[in-house]
Amino acid sequence: MNEDCIFCKIANGIIPTKFVYESANTVVFNDINPKAPMHMLVVPKKHYATLNDLDDKELMSELLQSVKEVTKKLNISDYKTLINTGKGAGQEVFHLHIHILADKKS
Ligand code: 5GP
Ligand code: ZN
């Protein structure tokens, strides 16, 4: 848990947030500034600044599994996923997250 990290605070319940989906080591919540009708973020509970810092293969798998589970739960079959890695690629929040973007709301 990184005290200065907004996604650590969300993922660990310090900032109350409705989770669309939760697994043992990940949470999924809506993006505060959606860029599509459906825009969610899949976030590990543990702090990793970027994908480059993630060394846990089981967690890598769990993150993608959460993408599949939450889209299935919401009945979304068509969606984009995106991971921005590094400032130069547009990363603004330095706690690893996978964007899920879809054109329809469930
Ligand atoms: P990045 O550019 O780092 O890949 O994306 C960060 C995303 O986090 C942006 O889409 C932004 O709207 C979202 N975001 C930033 N702060 C918050 C917040 O406090 N709550 C939520 N739900 N989303 C946030
Ligand atoms: Zn964090």
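Everything below is about the structure shown above.
Residues numbered from 1 in each chain as written. Chains lettered and ligands numbered in written order. Predicted model: local features only at pLDDT ≥ 70, side-chain atom pairs only at ≥ 80, totals over all residues. Heavy atoms only, no water.

**Comments concerning the nonpolar core**
Step number 1: One finds Met-40, Val-42, Leu-63, Val-70 and Leu-74 to be the most contacted residues of the largest nonpolar core, which totals 17 residues.
Step number 2: Here this core gets four residues from one element, more than from any other, and that element is helix H2 (residues 57-73).
Step number 3: Residues within four places of Met-40 in sequence aside, it is in contact with Val-20, Val-28, Phe-29, Asn-30, Asp-31, Val-70, Leu-74, Ile-98, His-99 and Ile-100.
Step number 4: One finds Phe-7, Ala-11, Val-27 and Val-43 within the second-largest nonpolar core, a separate group that totals nine residues. (Core = buried A, V, L, I, M, F, W, Y, C linked by side-chain atoms within 4.5 Å. Buried < 20%, exposed > 50% of the residue type's maximum accessible area, 1.4 Å probe, protein only. Helix = DSSP H or I, 4+ residues; strand = E, 2+ residues; numbered from the N terminus. Contact = heavy atoms within 4.5 Å.)

**Regarding the side chain of His-97**
Step number 1: Residue position: His-97 is located in the loop between strand E4 (80-82) and strand E5 (98-102).
Step number 2: The exposure class assigned to His-97 is buried, which follows from its relative accessible area of 7%.
Step number 3: There is a polar contact of 2.7 Å between the side chain of His-97 and the backbone oxygen of His-95.
Step number 4: In contact with His-97, other than residues within four places in its own chain, are Phe-7, Leu-41, Val-42, Val-43, Leu-82 and Ile-83. (Polar contact = N/O pair within 3.5 Å; in protein donor to acceptor, adjacent residues only side chain to side chain.)

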